Amino acid sequence: MRYFLASFCFIALVIGAGEPAGAQTAQSSIEANNADFVDKFAAKDAKGLGQHYTEDAVAFPPNENRVAGRESVQKMWQTWIDAGLTDLTLKSAQVEESGNLAYEEGTYSIKIPGKDGKTSEEIGKYIVVWKKGDDGEWRLHRDIWNTNPAK
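Rules and cut-offs
Residues numbered from 1 in each chain as written. Predicted model: local features only at pLDDT ≥ 70, side-chain atom pairs only at ≥ 80, totals over all residues. Heavy atoms only, no water. Core = buried A, V, L, I, M, F, W, Y, C linked by side-chain atoms within 4.5 Å. Buried < 20%, exposed > 50% of the residue type's maximum accessible area, 1.4 Å probe, protein only. Helix = DSSP H or I, 4+ residues; strand = E, 2+ residues; numbered from the N terminus. Contact = heavy atoms within 4.5 Å. Expected span 1.5 Å × (residues − 1). Arc of directions from axis to C-beta. Salt bridge = Lys/Arg side-chain N within 4 Å of Asp/Glu carboxyl O. Pairing = 2+ DSSP bridges. Lys, Arg positive; Asp, Glu negative; His and termini not counted. pLDDT = per-residue confidence, 0-100.

A. Expanded view of the nonpolar core. Within the largest apolar cluster, 27 residues are counted, with the highest numbers of intra-cluster contacts made by Phe 41, Met 76 and Trp 77. Those elements that place two or more of their residues in this core are helix H2 (23-42), helix H3 (46-50), strand S1 (53-60), helix H4 (70-82), strand S3 (86-98), strand S4 (101-113), strand S5 (119-132) and strand S6 (138-147). With five residues, the top contributor of residues to this core is H4. If sequence neighbours within four positions are ignored, Trp 77 has contacts with Phe 37, Phe 41, Ala 46, Leu 49 and Tyr 53.

Structure, rendered in structure tokens:
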């Protein structure tokens, strides 16, 4: 009986130490979405960027007004592409999933042309709330980011 109880506790401990069911799936999907997002940005494909967002998405860009709806978010990205922003990178630090929602914490960098013709690099952090659609795809639902302090 002791052997059975000890074995049961060991198995429960091993199973409990693993990631929650589906968490890896969300993380893998979100990392793939981020890679595609960066590719779409490099290709100057604002429409493709917009497809990564839910229809009722909201973006909270730094020093700008709230941007509501997929079409408006797509226009926001088009404006930045047209302004010459380049070299976007995204690095996911943590993804947590609960039902059809997940949140992601990460860091980003992007190159921004200055009025003097010189390019500067903006480095910052972000939080994204992802929503899993009826089609099983994870899309950005709420997107907020801000710049790190200058060194």
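Now that the structure has been shown, we can carry on.
B. Local environment of H4. The terminal C-alpha atoms of H4 lie 18 Å apart, and with 13 residues this matches the ideal 18 Å at 1.5 Å per residue to within 8%. Turning to H4, its buried residues number three or more, namely Arg 70, Val 73, Met 76, Trp 77, Trp 80 and Ile 81. Considered in projection along H4, the buried side chains sweep an arc of 135 degrees and stay on one side of the axis. Those residues of H4 that are exposed and aimed more than 90 degrees away from the buried face are Glu 71, Lys 75, Thr 79 and Asp 82. Among the residues trailing H4, Gly 84 stands out with phi positive, at a value near 95 degrees.

C. Broad picture of the pattern of salt bridges. Inspection of every chain in the model, using the stated rule, returns five salt bridges. Taking the shortest distance from any N to any O, the salt bridge between Asp 135 and Arg 139 comes out at 3.0 Å. Residue classification places Asp 135 among the partly exposed positions, given a relative accessible area of 49%. By relative accessible area, which is 21% here, Arg 139 ends up partly exposed.

D. Representation of the sheet that holds strand S2 (residues 67-68). Spatially, the six strands line up as an open sheet ordered S2-S1-S6-S5-S4-S3, and their pairing is mixed. Two strands in the sheet have a free side with no partner beyond their single neighbour: S2 and S3. Across 13 bridges, S4 lies against S5 in antiparallel orientation. Within the sheet, the bridge partner assigned to Thr 107 lies in S5 and is Lys 125.

E. Molecular detail of the side chain of Glu 122. Mapping Glu 122 onto the fold places it in strand S5. Here Glu 122 sits buried without a salt bridge, and the closest side chain of opposite charge, Lys 125, lies 9.6 Å off (N-O distance). Once residues within four sequence positions are removed from consideration, Glu 122 is found in contact with Tyr 108, Ser 109, Ile 110, Ile 112 and Thr 147.

F. How the structure looks around the confidence of the model for the protein chain. On average, the protein chain scores 87 in pLDDT, and the residues at 70 or more come to 84%. Predicted confidence is poor over residues 1-24, with pLDDT under 50, and the contacts of this stretch with residues over four places away or in other chains come to three contacts.

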